[in-house]
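# Descriptive structure summary
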Amino acid sequence: MILPPSTLAMLGGGQLGRFFVAAAHEMGYTVWALDPDAESPAGRIADRHIVAPYDDLDALSEIANHSAAVTTEFENVPAATLAFFEERMPTHPSANAVAICQNRITEKQFLLDSGFPHGDFAAIQSEADIIATDNNLFPGILKVARFGYDGKGQAVVKTHEETMTAYLALNGEAAILEKKLALDCEISVVLARDMHGNVKSFPVAENRHTNGILDVSIVPARVSALLAEEARVIAEYIAEKLGYVGVLAVEFFVSDGRLFVNEMAPRPHNSGHYTLDACTASQYEQQVRAVCGLPLHDPRPHSASVMVNLLGDIWFDADGKIREPAWNALYAVPNLVLRLYGKRHPRHGRKMGHFTVVGERLDDALPMALAARRAIGISAGLKRGM
């Protein structure tokens, strides 16, 4: 076990890293953060913020010389950086697990080879691959293999010609073409797995997106108990197959009552923010525990919850000028917890914070959360099942 007051290293300085730093501090640890952004949310509260690229050998060596363990808050940290640390100290998740998850082609191939349910797809690495694509994949979604998130680097395509145009617009980057499914809903499982193979899963979240960005997470998900249990089992088996240690999120499409694995995130997840306020332990405390070899908490939910993302859009008035949102509209809502990420510069589509409404029953929490969402100025989307 790595015990406090040891120093832990966080690769990445976003809001997920910020919540990890806060959880580690509460548990008595010191945390260093590595992020090239001098104003990164995690860096601003870490005990030390090293402002450097993720492949800066001097920075990596300094971290290795002063830290007891390393983890990450996003999957685009170079796998070579994680391999550097693996040779020197406990590093979770592993470079291999992150390498699989950070490339959509290797991720889909892993799902295929392991027999996990997934939608039909084709790897697109050249114009010839597009020409050879089966017609059954249309309509489909073309997604860049690396660095695409929150709807970025994606295009809906209906023909080979549209796919070629979208591929060239993505500068010919490696991509996958996924057959578009008719969705009942989307759900996710966030879990923690320790180095002994023990796994603790959080309740399944139902996720609603607007413009490719997570908008609302509803817990418990409004799916059958049988489907929720199937999702949990699949997610835990994925973690086992990856040899995973840490917090892992597995996102699923639900189509015609069946589960299809969409993607894995080798880190805490936006859809797990609710665990901060609705469970006996958060996903971030579980990450600290897994990384440090501590026994995992049994993260039981004590409330139903609805989490709503707050994007930079609500900082802009009708004239495009920046002003502070009307937070009094949220603070007036009973059982609502507002969490802002400390980002100095709002931008359209940028995640600036979230709020969570908790309640004894989902029937109480959901209408209050949706009303608060409207009151703060979010009105688009959420047509299905809301």
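I will try to describe carefully the structure that is included in this document. (Residues numbered from 1 in each chain as written. Predicted model: local features only at pLDDT ≥ 70, side-chain atom pairs only at ≥ 80, totals over all residues. Heavy atoms only, no water.)

## Describing the overall build of the protein chain
- Tallying secondary structure elements over the protein chain gives 13 helices and 17 strands in all.
- Compactness check: the protein chain gives a C-alpha radius of gyration of 21 Å against a globular reference of 21 Å for 386 residues, within 12% of the reference.
- For the protein chain, the spread of C-alpha atoms along the principal axes amounts to about 60 × 50 × 45 Å.
- Counting every position in the protein chain, which comprises 386 residues, the buried fraction comes to 57%.
- Contacts in the protein chain between residues at least 24 apart in sequence constitute 62% of all its contacts with a sequence separation of at least 6. (Helix = DSSP H or I, 4+ residues; strand = E, 2+ residues; numbered from the N terminus. Rg over C-alpha atoms; globule rule 2.2 N^0.38 Å. Buried < 20%, exposed > 50% of the residue type's maximum accessible area, 1.4 Å probe, protein only. Contact = heavy atoms within 4.5 Å.)

## Some thoughts on the nonpolar core
- Residues Ile187, Ile238, Leu242, Leu248, Phe252 and Met264 are the most contacted members of the largest nonpolar core, which totals 29 residues.
- Elements with a contribution of two residues or more to this core: helix H5 (95-101), helix H6 (104-114), strand E9 (185-193), helix H9 (225-242), strand E13 (246-255) and strand E14 (258-265).
- Sort the elements by how many residues they give to this core and H9 lands first, with 8 residues.
- Not counting residues up to four positions away in its chain, the partners in contact with isoleucine 187 are Val204, Ala205, Glu206, Asn207, Ala221, Val223, Ala231, Val250, Glu251, Phe252, Val254 and Leu259. (Core = buried A, V, L, I, M, F, W, Y, C linked by side-chain atoms within 4.5 Å.)

## Concerning empty space enclosed by the protein
- All told, the structure shown has 1 cavity of 30 Å³ or more when counted by the stated rule.
- In this structure, the largest cavity occupies an estimated 50 Å³ of space.
- As for the largest cavity, its lining consists of Lys108, Gly119, Asp120, Glu178, Lys179, Leu181, Phe253, Phe260, Val261 and Asn262.
- Among the secondary structure elements, those contributing two or more residues to the lining of the largest cavity are strand E8 (175-179) and E14.
- It is E14 that contributes the most residues to the lining of the largest cavity, 3 residues altogether.
- In the lining of the largest cavity, the residues fall into 4 nonpolar, 2 polar and 4 charged. (1 Å grid on protein atoms, 1.4 Å probe; cavity = no way out; pocket = protein on both sides within 12 Å on 5 of 7 lines; lining within 4 Å. Points joined across faces, edges and corners; volume = space filled by probe spheres on them. Nonpolar A, V, L, I, M, F, W, Y, C, P; charged D, E, K, R; others polar.)

## Description of the packing of helix H3 (residues 57-66) against helix H4 (residues 79-86)
- Running from amino to carboxyl end, H3 crosses H4 at an angle of 35°, the nearest separation of the two axes being 10 Å. Seen along the crossing, H3 lies across H4 with a hand that is right-handed. Note on element contacts: H4 touches H3 through Thr81, Phe84 and Phe85, opposite Leu57, Leu60, Ser61, Ile63 and Ala64.
- Among the residues forming the contact of H3 with H4, the class breakdown is 6 nonpolar, 2 polar and no charged. (Axes fitted to C-alpha atoms, helices over the stretch in contact; angles between N-to-C directions. Left-handed = near helix turned anticlockwise from the far one by under 90°.)

## Things to note about unusual backbone geometry
- Cis geometry is adopted by the peptide bond preceding proline 93, which originates at histidine 92 and carries an omega value of 5°.
- Structurally, the position occupied by proline 93 is in the loop between H4 and H5.
- A cis amide bond links valine 219 to the next residue, proline 220, at an omega of 5°.
- Along the polypeptide, proline 220 turns up in the loop between strand E12 (213-219) and H9.
- We note that asparagine 335 has phi near 65°; this positive angle belongs to a residue other than glycine.
- Within the fold, asparagine 335 resides in the loop between helix H12 (328-331) and strand E16 (336-340).

## Concerning the environment of arginine 323
- Relative to the helices and strands, arginine 323 is located in the loop between strand E15 (304-311) and H12.
- The sequence separation of arginine 323 and proline 346 amounts to 23 residues, and the corresponding C-alpha distance is 9.8 Å.
- When sequence neighbours within four positions are dropped, the list of residues in contact with arginine 323 reads Ile314, Trp315, Phe316 and Asp317.
- There is a polar contact of 2.3 Å between the side chain of arginine 323 and the backbone oxygen of isoleucine 314. (Polar contact = N/O pair within 3.5 Å; in protein donor to acceptor, adjacent residues only side chain to side chain.)

## Some thoughts on the environment of glutamate 206
- Here glutamate 206 shows up in strand E11 (residues 205-210).
- Residues glutamate 206 and aspartate 55, 151 residues apart in the sequence, show an inter-C-alpha distance of 36 Å.
- Apart from residues no more than four positions distant in its own chain, glutamate 206 is found in contact with Glu186, Ile187, Val216, Ser217, Ile218, Ala221 and Arg222.
- A distance of 2.9 Å separates a polar atom in the side chain of glutamate 206 from a polar atom in the side chain of arginine 222.

## Regarding the sheet that holds strand E2 (residues 30-34)
- The parallel open sheet is built from 4 strands, whose spatial order is E3-E2-E1-E4. Looking at which strands have only one partner, the edges of the open sheet turn out to be strand E3 (48-50) and strand E4 (69-72). Adjacent strand axes in the sheet meet at a mean angle of 25° when their direction is disregarded.
- Across 3 bridges, the pairing between E2 and E3 is parallel. Counterpart to leucine 34 in the pairing with E3 is isoleucine 50.
- The strands that H3 touches are strand E1 (7-11), E2, E3 and E4; relative to E2, the one it contacts most, it runs at about 170°. (Pairing = 2+ DSSP bridges.)

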